[in-house]
Amino acid sequence: MHMLGNSFRPIHYLGSKLRILEIIKSTVDDLCDENMAVADIFSGSGTVSKYLSYNRPVVAADIQEYSRVINTAILLPHSRTMDREGIIEAVNIIYKENKLKYLEIINFEKEALSQIKESKYENICSIMELGPLVNAITKNQPTNNYTFAEAINQIRSDFLSKGVYSKHAITMLYGGVYFSYDQAIYIDSCLQYLEQINEKYKYIFHAAILSSASDIVNTIGKQFAQPISPRKKDGEIKTSIMKKVFKDRSQNISQIIFAWLQKYNNQDQPKYLNRVLKGDFIEVIPRLGKIGVVYADPPYTRYHYSRYYHVLETIALRDFPEIPKSSLNGEVKSSKGVYRSDRHQSSFGVKSKSAKTFDTLFSKCSGIGSPIVLSYSPYSKELNVTPRIVTIDQIIDSCSRYYSDVNVISCGDFSHSKLNKSELHLNASDSAELLVVGKKPKG
Ligand SMILES: C[S@@+](CC[C@H](N)C(=O)[O-])C[C@H]1O[C@@H](n2cnc3c(N)ncnc32)[C@H](O)[C@@H]1O
């Protein structure tokens, strides 16, 4: 389910703000008139921006390209004349042609998936353990599975003589790892079609691809931090996960994209003139123009968001990124997660820089004369760590240097109420979300 009341959830997102949208909205409403714009400067999946956009103009910004694509699709006006069947038909033509290049691998995979039903797991394990196809092709012995090795051989000569399939990054890097090869080839075909599609539908189609990739990915939490490993440390196959492996890798991505196209297409036209920006918050804040309030939901963990969404970033950028390699016992391997070398490392998540970065955030927002509402994210059950690098007291001190009238609002049991000091520490130690409000910028 992607809709919750008036909310829109384009991708599976860690630390999603779905449950506290209404509290964020009323806190923002208390700070400025209805016709004034709000800037959501760490907009991520766009869920908060979208919700706030029903009542006031929004400027959504983030450093990641996938966020820009999604925000453009959900916040800017769009054409309603899209022929969904026509789009899928056109993609299918490209897909059929692409598939021919991978025929034996696709057949091997089909067989491996159907064998799961007979409790035969060796072939699917070989696929899941191979790593990026691009590495297997350039290495001589990518797998001990003879049939699979033969299938890979089929594309090797083509690949080596014609060079890297530059338009097949998703298949070459993430096929077999995060998606089935078949699904990955379909995503690459969509991205190829994106180059021809009428400009009017470009963002909605691109966002629908991102949403679908987030739906089908074969990982435990629907993020891209770590592919599923099919064996325990002692080599025994994890039979309990095989049902999920089968389900995720058998999902018909064409149908899922079709459904997402409808969801994006059925959105009401935006009520206000919204804007979408991309960039580091330091250079984005001076570009915000006249706004009534800044909403800021920066990362709090040392686990960088780019680690969870790097595959979406490649789908959004449509490039063939460099993947860092490490050498283990003389064997050169890509990182298991197949992360991009250039993935963004936010200074909010670096212990030595975090406090200073928050200070810069408050100083910049105060500098443009805007009140600020900052989400203080609690202990994250999803990440299974206690990741707060800065304490709530440090945040309040930092905010108070640049704002007078600083308050903390709980989104948990004390919902909507302003907290006194002891309530504050009680709240900050459980998993309640907090909003730190700096009302009056100091001149
Ligand atoms: C906690 S998430 C935001 C989630 C968002 N509120 C939502 O509901 O989807 C933090 C976001 O900050 C972005 N980010 C991290 N460092 C940044 C920086 N220096 N400038 C701009 N954006 C940054 C990340 O890409 C990520 O999308």
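In this convention, every chain numbers its residues from 1, walking through the sequence in written order. Only residues with pLDDT of at least 70 get local features here, since the model is predicted, and only at 80 or more are side-chain atom pairs given and counted; chain-wide, interface and lining totals rely on the full set of residues. As a convention, hydrogens and water are excluded, and side-chain values are obtained from all of the structure's heavy atoms.

**Q** Can you walk me through the overall build of the chain in this structure?
**A** A run of H or I in DSSP counts as a helix once it spans at least four residues, and a run of E counts as a strand once it spans at least two, with each numbered from the N terminus. Looking only at helices and strands, the chain has 18 helices and 11 strands in total. Residue exposure (1.4 Å probe, protein chains only): buried if accessible area is under 20% of the type maximum, exposed if over 50%, otherwise partly exposed. Classification of the 443 residues of the chain by burial places 57% in the buried group. Accessible surface, the chain as shown: approximately 19700 Å² in total, 50% of it carbon and sulfur. Per-residue and other accessible areas follow the Shrake-Rupley method at a 1.4 Å probe size, with only the shown protein chains counted as cover for residues.

**Q** Quick question: what am I supposed to make of the side chain of H310 here?
**A** Within the fold, H310 resides in helix 15 (residues 305-317). What makes H310 buried here is its relative accessible area of 1%. Two residues qualify as a contact provided that any one of their heavy atoms is within 4.5 Å of a heavy atom in the partner residue. Sequence-distant contacts of H310, defined by excluding residues within four places in its chain, comprise Y174, Y178, F224, G337, V338, Y339 and R340.

**Q** Any chance you could explain the packing of aromatic side chains here in plain terms?
**A** Ring pairs (aromatic) are described by centroid distance and by the angle formed between their planes. For this analysis, a ring pair means two rings from Phe, Tyr or Trp (six-membered ring only for Trp) whose centres lie within 6.5 Å, classed as stacked if their planes differ by under 30 degrees, edge-to-face if by over 60, and tilted for the remaining angles. The full count for this structure, using the stated rule, is 20 aromatic pairs. Ring plane angle 65° and centroid distance 5.0 Å describe the contact between Y95 and Y186, whose orientation is recorded as edge-to-face. Residue Y95 is found in helix 4 (residues 84-101), and its partner Y186 is found in helix 10 (residues 181-194); the two are separated by 91 residues along the sequence. Y186 shares its class with Y95; the two are buried. An aromatic cluster is present here, built from F42, F281, Y300, F348, F358 and Y376 joined pairwise through their rings. Note on geometry: a ring has a charge over it if NZ (lysine) or CZ (arginine) is within 6 Å of the ring centre and within 35 degrees of the ring normal. Taking the ring centre of F258 as reference, the NZ or CZ of R84 above it sits at 3.9 Å. A cation over an aromatic ring shows up here: R343 above the ring of Y339, its NZ or CZ 5.0 Å from the ring centre.

**Q** Which parts of the structure should I look at to understand helix 3 (residues 65-75)?
**A** Side chains three or four residues apart in an α-helix point the same way, a direct result of the helix having 3.6 residues per turn. Buried residues dominate helix 3, accounting for 10 of its 11 residues. When we look at burial in helix 3, the residues that qualify are E65, Y66, S67, V69, I70, N71, T72, A73, I74 and L75.

**Q** How should the nonpolar core be read in this particular structure?
**A** Looking at soluble globular proteins, one finds that nonpolar side chains tend to be buried together. For this analysis, a nonpolar core means a set of buried residues of the types Ala, Val, Leu, Ile, Met, Phe, Trp, Tyr and Cys, connected via side-chain atoms within 4.5 Å. Core analysis: the largest hydrophobic core is formed by 110 residues, its most contacted members being I124, L133, F179, F205, I257 and Y264. Per-element tally for this core: the top contributor is helix 10, with nine residues. For I124, the contacting residues outside a window of four places in its chain are A112, L113, I116, M242, V245 and R249. Counting 32 residues, the second largest nonpolar core, distinct from the first, contains A61, V294, V390 and I395.

**Q** Would you mind going over the site of the ligand with me for this structure?
**A** By convention in this text, a residue qualifies as near a molecule or strand provided that one of its non-hydrogen atoms is within 4 Å of it. The immediate surroundings of the ligand are formed by 19 residues, with Y13, S45, D62, D297 and S346 found nearest. Polar contact is the term for a pair of N or O atoms within 3.5 Å; when the atoms are in protein, one must be able to donate a hydrogen and the other to accept it, and sequence-neighboring residues count only if both atoms are side-chain atoms. Within the contact set of the ligand, an oxygen atom lies 2.9 Å away from a side-chain nitrogen or oxygen of Y13. Within the side chain of S45, one N or O atom sits 2.6 Å away from an oxygen atom of the ligand. Relative to its unbound accessible surface of 610 Å², the ligand loses 98% to contact with the protein.

**Q** Please clarify how a positive patch on the surface should be interpreted in this entry.
**A** Patches draw on residues past 30% relative accessible area with no salt bridge. Two like charges within 9 Å are joined, as are two nonpolar side chains (Val, Leu, Ile, Met, Phe, Trp, Tyr) within 5 Å. Should a side-chain nitrogen of Lys or Arg be within 4 Å of a carboxyl oxygen of Asp or Glu, the pair is scored as a salt bridge. In summary, the charge assignment counts Lys and Arg as positive and Asp and Glu as negative, without counting His or the chain termini. For the purpose of locating charges, the reference atoms are NZ of Lys, CZ of Arg, CG of Asp and CD of Glu. Together, K139, K325, K333 and K336 make up a region of like positive charge exposed at the surface. The exposure class assigned to K139 is partly exposed, which follows from its relative accessible area of 31%.

**Q** Would you explain the sheet that holds strand 11 (residues 434-441) in this entry?
**A** Whether parallel or antiparallel, the strands of a sheet pair through hydrogen bonds between backbone atoms. Taken together, the seven strands give an open sheet; going across it, the order is 5-4-3-6-9-11-10, and neighbouring strands pair in mixed fashion. Two strands lie at the open edges of the sheet, namely strand 5 (275-278) and strand 10 (403-410), each paired on one side alone. Neighbouring strand axes in the sheet, compared pairwise and without regard to direction, differ in orientation by 20° on average. Only when DSSP finds a minimum of two bridges between them are two strands counted as paired. Relative to strand 5, strand 4 (residues 58-62) runs parallel, the two being bridged by four bridges. Bridging across to strand 5, A61 finds its partner in L277. As a rule, the C-alpha atoms of each element are fitted with a line to give its axis, helices using only the stretch in contact, and angles between N-to-C directions run from 0 to 180 degrees. Along the sheet, helix 1 (residues 21-31) contacts strand 3 (38-40), strand 6 (293-296), strand 9 (372-376), strand 10 and strand 11; its crossing angle with strand 11, the most-contacted strand, is approximately 10°. Strand contacts of helix 16 (residues 351-367): strand 6, strand 9, strand 10 and strand 11, with the helix running at about 160° to strand 9, the strand carrying the most contacts.

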